[in-house]
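Notes for the structure review
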Amino acid sequence: MPFLLLVSFFYLDIQVNFGQNNLNQNHDAPFTMVTANLGEGVEMASIKALVKFYNPDILLFQEAGHLTNIEALSNYPFKDCKGNLCFISKYEFTNEVHLENSMFNGYGYWAAFYEVTLKNTKIHFANIHLPSIRRVFNNFSNVKDIHENRAIAAGILKEWASSKKNMIIAGDFNMSVIDTLYKQNFSTYINAVSSIGHGFNNTVDYKYRGFSVPGIRVDHILSSQQFSLKKAIVLETLGGDHYPVLSKLSLNSLNSNEKH
């Protein structure tokens with residue numbers, strides 16, 4: 001079991017896309033979003049550069065309990081930062097619910113759900129940080145519990161997503177696209193980097209007993225079929241061991257009247 005679980009996480013992640021899938025000429029103005037796990041540290045200069053050069057409309061951070069009153073984020077009027085999850089937006093939003101990590105014997109929140117209205121259309125966001133496979137490295141007896149916790153979390157997200165139109169899930173999934181749980185729960189959604197990314201796209205470098213474990217892509221931006229993708233890239237680290245994922249999306253105008 002430990003061997004199979006670990007094998008499902010470590011593979012060479014490379015994209016070669018010659019055309020944009022779900023291309024739709026009828027679309028609204030795009031918006032840019034970035035997701036990043038900041039757990040192993042963050043450099044304020046890197047946050048400032050990210051905002052300056054990419055000007056994201058929405059930022060979703062995980063393990064971000066230390067993000068308070070950051071000058072680089074002062075131009076973002078709408079923020080919700082609690083329980084190690086942070087949702088930062090140029091646009092007003094409502095928070096639907098937070099899900100506590102205590103259900104997995106952790107602390108803080110592992111998911112937070114938001115509703116943002118763009119051009120009179122509601123867009124539903126989930127900022128997530130699923131249970132980490134990294135704990136397996138220190139104690140292989142944790143494999144069964146972690147797998148079960150990840151399955152529970154993925155099932156909850158799948159249920160939430162199935163009830164929404166104009167839906168985006170972003171954050172640290174702690175699973176790659178070849179993971180069985182990913183395929184069972186998320187394969188019907190558009191994965192930004194998988195769809196239009198290019199080259200090697202690992203988003204985390206693991207360390208195990210002083211050794212570097214080959215990087216994998218566990219941070220994702222998923223969207224429902226109502227969106228078209230304009231851009232998807234993995235950025236340079238903001239200071240920790242994860243790499244941010246950026247995506248520029250637009251809502252297909254044929255679906256812009258969806259109010260769900």
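Read on for an overview of the structure.

1. Considering the pairing of strand β9 (residues 167-172)
The element β9 is extensively covered by neighbouring structure, given that 6 of its 6 residues are classed as buried. Here 6 bridges tie strand β8 (residues 121-129) to β9, and the two strands are oriented parallel to one another. Bridge assignment links Asn-127 to a residue of β9, and that residue is Ala-170. Across 5 bridges, the pairing between β9 and strand β14 (residues 219-223) is antiparallel. Each bridged residue has a counterpart across the sheet, and for Asp-172 the counterpart in β14 is Asp-219.

2. Observations regarding helix α2 (residues 44-54)
Those residues of α2 not exposed but buried are Ser-46, Ile-47, Leu-50 and Val-51. When α2 is viewed along its axis, its buried side chains cluster within an angular range of 135° and face the same direction. Facing away from the buried side of α2 by more than 90 degrees, the exposed set consists of Ala-45, Lys-48, Lys-52 and Phe-53. As for α2, its buried residues are in contact with β2 (31-37) and β3 (58-62).

3. A few points about the sheet that holds strand β16 (residues 245-251)
Read across the open sheet, the 6 strands follow the order β4-β5-β3-β2-β16-β15; overall the sheet is mixed. Edge positions in the sheet fall to β4 (78-82) and β15 (227-234), since each of these pairs with one other strand and no more. The average angle at which neighbouring strand axes cross in this sheet is 15°, direction not considered. Where β3 lies against strand β5 (residues 85-89), 5 bridges are found, and the strand directions are antiparallel. Its bridge partner being in β5, Leu-59 is matched across the sheet by Ile-88.

4. Topic: the state of the cysteines
Counting across every chain of the model gives 1 disulfide. Note on cysteine connectivity: Cys-81 is disulfide-linked to Cys-86, with sulfurs 1.7 Å apart.

5. So, the pattern of salt bridges
Under the criterion given, the structure shown has 4 salt bridges. A salt bridge links Glu-148 to Lys-144; its shortest N-O distance comes to 2.5 Å. Of this pair, Glu-148 and Lys-144 both sit in helix α4 (residues 143-162), 4 residues apart, roughly one helical turn.

6. Focus: the packing of aromatic side chains
A full pass over the atoms with the stated rule returns 10 aromatic pairs. Residues Phe-93 and Tyr-114 carry aromatic rings whose centres are separated by 5.3 Å and whose planes lie at 85° to one another, so their mutual orientation is edge-to-face. Here the residue Phe-93 occupies a position in strand β6 (residues 93-100), and Tyr-114 occupies one in strand β7 (residues 109-118), the gap between them amounting to 21 residues. This pair shows no difference in class: Phe-93 is buried, exactly as Tyr-114 is. For the pair Phe-173 and Phe-186, a centre-to-centre distance of 5.3 Å together with 90° between the ring planes defines the contact as edge-to-face. Highlighted residues: Phe-173 in the loop between β9 and α5 (180-186) and Phe-186 in helix α5, separated in sequence by 13 residues. On the basis of relative accessible area, Phe-173 is assigned to the buried category, the value being 0%. Using a relative accessible area of 0% as the deciding quantity, one classes Phe-186 as buried. Grouping aromatic residues by their ring pairs yields a cluster made of Phe-31, Phe-87, Phe-93, Tyr-114, Phe-125 and Phe-227.

About the cut-offs
- Residues numbered from 1 in each chain as written.
- Predicted model: local features only at pLDDT ≥ 70, side-chain atom pairs only at ≥ 80, totals over all residues.
- Heavy atoms only, no water.
- Buried < 20%, exposed > 50% of the residue type's maximum accessible area, 1.4 Å probe, protein only.
- Helix = DSSP H or I, 4+ residues; strand = E, 2+ residues; numbered from the N terminus.
- Pairing = 2+ DSSP bridges.
- Arc of directions from axis to C-beta.
- Contact = heavy atoms within 4.5 Å.
- Axes fitted to C-alpha atoms, helices over the stretch in contact; angles between N-to-C directions.
- Disulfide = S-S within 2.5 Å.
- Salt bridge = Lys/Arg side-chain N within 4 Å of Asp/Glu carboxyl O.
- Phe/Tyr/Trp six-rings, centres within 6.5 Å; stacked < 30°, edge-to-face > 60°.

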